[in-house]
Amino acid sequence: MSRRCELTAKGPQVGHKVSHSNIKTKRRFLPNLCNITFQSEALGRNIRLRVSSNAVKSVDHNGGLDAFLLKANAAHLSPRALDLKRQIEKKRTAAAEKKAS
């Protein structure tokens, strides 16, 4: 399983560990990933994703998973999140057509 957020594409970064004597050695800064279950109103089910804690705050700020995915850039989403975005768009358009007729 890759260490990459499925919503924001945050991944590991590389930097230096600096000792007291200023000796620099390579190290990795890993993102704070957690398995979170989100609820989708459009799909009517729970969705489990591996996301960073920053992404959880962003989803809450944008008003839920559906709103976040509709606003999100498709290049940053994982294939699974991209599939969810398509499903949500499909449900929303179907509901809009049903409401119009």
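Residues numbered from 1 in each chain as written. Predicted model: local features only at pLDDT ≥ 70, side-chain atom pairs only at ≥ 80, totals over all residues. Heavy atoms only, no water.

Novice: With reference to specific residues and values, describe the pattern of salt bridges.
Specialist: Applying the stated rule across the entire model yields one salt bridge. In this structure, R80 and E6 form a salt bridge, with 3.7 Å as the shortest nitrogen-oxygen distance. Here R80 is found in helix α3 (residues 79-100), whereas its partner E6 is found in the segment before β1 (13-18), with 74 residues between them in sequence. Among the residues examined, E6 registers a relative accessible area of 15% and is labelled buried. (Salt bridge = Lys/Arg side-chain N within 4 Å of Asp/Glu carboxyl O. Helix = DSSP H or I, 4+ residues; strand = E, 2+ residues; numbered from the N terminus. Buried < 20%, exposed > 50% of the residue type's maximum accessible area, 1.4 Å probe, protein only.)

Novice: Go over the side chain of S40 with me, naming the residues and quoting the values.
Specialist: Tracing the sequence through the fold places S40 in strand β3 (residues 33-40). Owing to a relative accessible area of 1%, S40 belongs among the buried residues under this scheme. Within the local environment of S40, its side chain forms a polar contact with the backbone nitrogen of L43, the two atoms lying 3.2 Å apart. In this view, S40 contacts R45, I47, D66 and I88; residues no more than four positions away in its chain are not counted. (Polar contact = N/O pair within 3.5 Å; in protein donor to acceptor, adjacent residues only side chain to side chain. Contact = heavy atoms within 4.5 Å.)

Novice: Quick rundown of unusual backbone geometry? Include the residues and the values.
Specialist: For A9, which is not a glycine, the phi torsion comes out positive at approximately 65 degrees. On the secondary structure map, A9 appears in the segment before β1. The backbone of N22 sits at a positive phi, close to 70 degrees, despite the residue not being glycine. Among the structural elements, N22 can be located in the loop between β1 and β2 (24-29).

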